[in-house]
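Here are the chains, one letter per residue:
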Amino acid sequence: MKKILSYWLIGFSFMLLAACGENTNEGGPIILADEGWDSLRFHNDVAGFIISNGYGFETETMTGSAAALMTGLEDQEINIHMEVWTQNLGESYSEGLENGDFQKVSVNFDDNFQGLYVPTYMIEGDPERGIEPMTPDLEYVTDLSEYWEVFEDPDDSSKGRIVGAISGWEVDQMLADGIDEYGLDEYYNYFRPGSESAINISLLDAYESGEPWVGYNYEPNWVMGMYDMTPLLEEDPEGPLSEMGAQDIDITVSNDLEDWAPEVVEFLSNYETSSEIANDALQYIQEEDASTEEAAERFLREHEDIWTEWVTDEAEEKVKEALE
């Protein structure tokens, strides 16, 4: 009888331990999604520093494609995505929210833009650099047909060149289709660079030389923080490129996170920034050869007026202590 009772007590103890484990952090750290770009990594590091030091949870990141990471959120293998570009994901994201596959807790920022840009000196000139306006009436994407000779393709003088997005990005196909639909393919070759750095290098080279350039980019981005650029607008609100303008950049979490880290979900529901904040951080990373972690700590030190509004008083004190 004593042996039976002992075995029962041991088994009951393991059941209690297992039950307790289910009510904590699932036995592992909070996982943040990483799609590979620096603005997302900056926000991961800001949020991660606060979560780790202010709320006592370990954090890690998981790298992958947009589709794979959203599936990870749905399967609760990933807990937080700090920068969901909602329109880029299309119906799959809105359907996921409607189906309750994951939860939107905040809009990180909504003053962003992605699409076609030109250096502002193309339109306004730059007297300090002795640059005259080259495309003074350029405002809308459709206006590009009037200026194709200005943007001459170095490999094909019969057309201009539009520097596009990267093959495989959803926005790349949107751009290519929109250019065709507007008939701009009659005037321009759509050039796909091999990487994001190739896009930025082509812009950097043109800008530093005061040369013509038109192509894809997005905010936040270190190039946008460093240079004065003007987006080309969509004249028709229902036009083929209308979805490429500003969009909500959501913070989304797995359904289980609120069960075992409700204070973290509450913190994230208060998290709100701007493209200007990320542009400044990315410019700092580029100019100072800094890491995203260093940029995050710089932000936390210099902008207490912002992040202290997101957290509890106790978490605020802990974060400040960790920054000392």
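Residues numbered from 1 in each chain as written. Predicted model: local features only at pLDDT ≥ 70, side-chain atom pairs only at ≥ 80, totals over all residues. Heavy atoms only, no water.

## Quick word on the pattern of salt bridges
By the definition in use, this model includes eleven salt bridges. For the salt bridge of D153 with R161, the shortest nitrogen-to-oxygen distance reads 3.1 Å. Each member of the pair D153 and R161 is classed as buried. The partner of K320 in a salt bridge is E304, and the shortest N-O contact between them spans 3.7 Å. Pair noted here: K320 is in helix α15 (residues 313–323) and E304 is in helix α14 (residues 304–307), with a separation of 16 residues, a long-range link. Accessibility expressed as a relative area gives 23% for K320, which makes it partly exposed. The exposure class assigned to E304 is partly exposed, which follows from its relative accessible area of 34%. (Salt bridge = Lys/Arg side-chain N within 4 Å of Asp/Glu carboxyl O. Buried < 20%, exposed > 50% of the residue type's maximum accessible area, 1.4 Å probe, protein only. Helix = DSSP H or I, 4+ residues; strand = E, 2+ residues; numbered from the N terminus.)

## Concerning helix α3 (residues 66–74)
Residues of α3 that are buried include every one of L69, M70, G72 and L73, and no others. Here the buried residues of α3 occupy an arc of 155 degrees about the axis, which is enough to place them on one side. Buried residues along α3 sit against β1 (30–34), β2 (59–63), β3 (80–85), α4 (86–89), α5 (91–98) and β11 (249–253). A positive phi of about 65 degrees marks Q76, the residue just after α3. (Arc of directions from axis to C-beta. Contact = heavy atoms within 4.5 Å.)

## Structural notes on the environment of D155
Following the sequence through the fold, D155 ends up in the loop between β6 (152–153) and β7 (156–163). Looking at D155, the relative accessible area reads 66%, which means it is exposed. Sequence-wise, D155 and N189 are 34 residues apart; in three dimensions their C-alpha atoms are separated by 9.7 Å.

## Digging into the nonpolar core
Soluble globular proteins tend to bury their nonpolar side chains together. The biggest cluster of nonpolar side chains holds 83 residues, and the ones touching the most others in it are I50, I80, L144, V264 and F267. Counting residues per element, this core draws most heavily on helix α2 (residues 38–55), which supplies eight residues. Ignoring any residue separated from it by four or fewer positions in sequence, one finds I80 in contact with I30, I31, L32, A33, I51, L73, T252, V253, L257, V264 and L268. Counting ten residues, the second-largest nonpolar core is a separate cluster that includes I31, V84, Y93 and F102. (Core = buried A, V, L, I, M, F, W, Y, C linked by side-chain atoms within 4.5 Å.)

## Remarks on the packing of aromatic side chains
Here the structure, examined in full by the defined rule, presents 13 aromatic pairs. On the numbers, 5.9 Å between centres and 70 degrees between planes, the contact of F267 with Y271 is edge-to-face. The exposure class assigned to F267 is buried, which follows from its relative accessible area of 0%. One aromatic cluster is present, formed by F42, Y55, F267, Y271, F299 and W310 through successive ring pairs. (Phe/Tyr/Trp six-rings, centres within 6.5 Å; stacked < 30°, edge-to-face > 60°.)

## Section: helix α11 (residues 262–270)
Within α11 the residues assigned to the buried category are V264, V265, F267 and L268. Down the axis of α11, the buried side of the element spans an arc of 160 degrees, and every buried residue falls inside it. Buried residues along α11 sit against β1, α2, β3, β4 (103–109), β11 and α10 (257–260).

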